[in-house]
Amino acid sequence: MSPAEFIRANTLLTPASLVPELLLYQATALTPIWQASEDWLAAHNVAPPFWAFAWPGGQAVARHILDNPALTEGRRVLDFAAGGGVAAIAAARAGAASVEANDIDPLALTAVSLNASANKVDVRTVAGDIVGSPCRWDMILAGDVCYEGPMSRRIMPWLCAMAGSAEVWLSDPGRAYLPDGLHRMAEYVVPTTLELEDRTIRHTALYRLCPQIT
């Protein structure tokens, strides 16, 4: 079974809860997709299926872009740690000049390509760890990336450095490792599920990073 076949077999193409104008290949329940991915992990060395869910941070970014398309129109955009790519797809829909989606999970990038095709937009996928790369974008989108301490401590200095050359957005639903001192731009109430979160909605803030924030 190919990666694309695996995704189609274990997900449904359904609207994202906060951005129903976008269709994503999403798992309808946590346990079956997680078990399927664990089986695949043994055979193909793939990561857990974070890409199969539209997490609150990515949805909040996507909602803000679609409601304010001039913010991304004509710009070179990166969706960092993209998962299924909901923010990237929104940026492409809003008229970005180019959109790249990055994730360290190759299966996530397959999901991004399938989701982009389903929404009839062009998104270029970028594989691997790009932390430390020089800036080649006008805007970097980071949705829900502060859920683990080691990850947050590693990526935040790079994202803040990128804020010296690009507009960097970070969206977070109250994760434990979000740094202090960020400039809040907006807040969204994102419907979620008790299979993924400890509540049925998440108040998710959208921030713009400043270069001096660490």
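To keep things clear, this report deals only with the structure shown in the data block. (Residues numbered from 1 in each chain as written. Predicted model: local features only at pLDDT ≥ 70, side-chain atom pairs only at ≥ 80, totals over all residues. Heavy atoms only, no water.)

1. Concerning the nonpolar core
- Formed by 35 residues in total, the largest nonpolar core has its most connected members in I65, V99, V123 and L141.
- Counting residues per element, the ones that place at least two in this core are α3 (56–67), α4 (86–93), β4 (98–103), α5 (106–118), β6 (139–143) and β8 (183–191).
- A total of 7 residues in this core trace back to one element, the largest contributor, which is α4.
- Leaving out residues up to four positions away in the same chain, V99 has contacts with V77, A88, A91, A92, D122, V123 and R124.
- In terms of nonpolar packing, the next biggest core, distinct from the first, is built from 25 residues, F80, I140, C146 and I155 among them. (Core = buried A, V, L, I, M, F, W, Y, C linked by side-chain atoms within 4.5 Å. Buried < 20%, exposed > 50% of the residue type's maximum accessible area, 1.4 Å probe, protein only. Helix = DSSP H or I, 4+ residues; strand = E, 2+ residues; numbered from the N terminus. Contact = heavy atoms within 4.5 Å.)

2. Describing the side chain of T204
- Among the structural elements, T204 can be located in strand β9 (residues 201–208).
- Polar side-chain contacts of T204 include one of 3.2 Å to the backbone oxygen of R202.
- Residues in contact with T204, not counting those within four places in the same chain, are P56, G57, A60, S171, D172, P173, A186, E187, Y188 and V190. (Polar contact = N/O pair within 3.5 Å; in protein donor to acceptor, adjacent residues only side chain to side chain.)

3. Some words on the sheet that holds β8
- The strand order across the open sheet built from 7 strands is β5-β4-β3-β6-β7-β9-β8, with neighbouring strands paired in mixed fashion. In the strand order of this sheet, the two ends are held by β5 (124–127) and β8, each with one partner. Going across the sheet, the axis of each strand differs from the next one's by a mean of 20°, ignoring polarity.
- One ladder, built from 4 bridges, connects strand β3 (residues 76–80) with β6; its direction is parallel. Considered in β6, the bridge of F80 is made with A142. (Pairing = 2+ DSSP bridges. Axes fitted to C-alpha atoms, helices over the stretch in contact; angles between N-to-C directions.)

4. Details of the state of the cysteines
- Within the structure shown, the criterion is met by 0 disulfides.
- C210 supplies the cysteine sulfur nearest to C160, a cysteine that is in no disulfide, at a spacing of 8.6 Å.
- Of the residues examined, C160 reaches a relative accessible area of 2% and is grouped as buried. (Disulfide = S-S within 2.5 Å.)

5. Structural notes on the pattern of salt bridges
- The tally for this structure, following the rule as stated, stands at 10 salt bridges.
- Close ionic contact of R63 with E21 constitutes a salt bridge, the shortest N to O distance being 2.8 Å. Placement of the pair is R63 in helix α3 and E21 in the loop between β1 (12–15) and β2 (23–26), with a sequence separation of 42 residues.
- R63 gets classed as buried once you look at its relative accessible area, which sits at 12%.
- With relative accessibility at 35%, the residue E21 sits in the partly exposed group.
- In this structure, R184 engages E187 in a salt bridge whose closest nitrogen and oxygen atoms are separated by 2.5 Å.
- Under the relative-accessibility criterion, R184 is labelled partly exposed at 45%.
- Judged by relative accessible area, which is 43%, E187 ranks as partly exposed.
- Sharing partners across several salt bridges, the network here consists of E21, R63 and D67. (Salt bridge = Lys/Arg side-chain N within 4 Å of Asp/Glu carboxyl O.)

6. Remarks on the environment of R175
- Mapped onto the elements, R175 comes out in the loop between β7 (167–172) and β8.
- Take R175: its relative accessible area is 16%, and that puts it in the buried class.
- For the pair R175 and D144, spaced 31 residues apart in sequence, the C-alpha separation works out to 7.8 Å.
- Apart from the residues lying within four places of it in its own chain, the contact partners of R175 are W55, P56, D144, C146, Y147, E197 and R202.
- Looking at R175, its side chain comes within polar contact range of the side chain of D144, at 2.8 Å.

7. Quick notes on unusual backbone geometry
- Unusually for a residue other than glycine, K120 sits at a positive phi of about 60°.
- When you line up the elements, K120 lands in the loop between α5 and β5.
- For K120, a relative accessible area of 75% gives the class exposed.
- Phi at D144 is positive, roughly 60°, even though this residue is not glycine.
- Topologically, D144 is positioned in the loop between β6 and α6 (149–162).
- Since its relative accessible area comes to 7%, D144 is described here as buried.

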